[in-house]
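Tertiary structure, described
Spelled out from the first residue to the last, the chains are:
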Amino acid sequence: HCPSVGVLFDSVAKHAGTNAIGVMLTGMGADGADSMVTMRKAGARTMAQDEKSCVVFGMPKEAYHRGGAEKLVSLESIANAVVTLLK
């Protein structure tokens, strides 16, 4: 599948639901944005890389604007944000 992020996120929503954390990193276009919304509706926690730390803010921006990403996080802070959600 190309692009495959949508297939991945749809599968995560279906099989992991509330046990999942989704992260959208830099990328061009809107790939995966609607599927990240599906993840959130399934109870997953989600975030996207912020504009300042992105090479291309397309995919994270769309995920956030469509309601898929709960918040925007700098690249340097994503690991800590994920760990915080795991606690």
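Here the structure is shown first, and the text comes after it.
What you are looking at is a predicted structure, and each value in this text was computed from that prediction instead of being measured. (Residues numbered from 1 in each chain as written. Predicted model: local features only at pLDDT ≥ 70, side-chain atom pairs only at ≥ 80, totals over all residues. Heavy atoms only, no water.)

Here we take up the nonpolar core. Counting residues in each nonpolar core, the largest one holds 13 residues, and the members touching the most others are Phe 9, Met 24, Met 36, Met 39, Ala 63 and Ala 69. For this core, the secondary-structure elements that each account for two or more residues are α1 (5-15), α2 (33-41) and α3 (58-65). In this structure, Ala 63 is in contact with Met 24, Ala 33, Met 36, Gly 68 and Ala 69, ignoring residues within four places of it in sequence. (Core = buried A, V, L, I, M, F, W, Y, C linked by side-chain atoms within 4.5 Å. Buried < 20%, exposed > 50% of the residue type's maximum accessible area, 1.4 Å probe, protein only. Helix = DSSP H or I, 4+ residues; strand = E, 2+ residues; numbered from the N terminus. Contact = heavy atoms within 4.5 Å.)

On to the environment of Leu 25, then. Relative to the elements of secondary structure, Leu 25 occurs in the loop between β1 (21-24) and α2. For the pair Leu 25 and Gly 58, spaced 33 residues apart in sequence, the C-alpha separation works out to 9.5 Å. The residues contacting Leu 25, other than those within four sequence positions of it, are Gln 49, Met 59, Pro 60, Leu 75 and Ile 78.

Taken in spatial order, the three strands line up as β1-β2-β3 in an open sheet, and their pairing is parallel. The two strands at the open ends of the sheet, each matched to only one other strand, are β1 and β3 (72-73). With four bridges joining them, β1 and strand β2 (residues 45-49) adopt parallel strand pairing. The partner of Ile 21 across the bridge, within β2, is Arg 45. Running over the sheet, helix α4 (residues 78-86) touches β1, β2 and β3 and is turned about 175 degrees from β2. (Pairing = 2+ DSSP bridges. Axes fitted to C-alpha atoms, helices over the stretch in contact; angles between N-to-C directions.)

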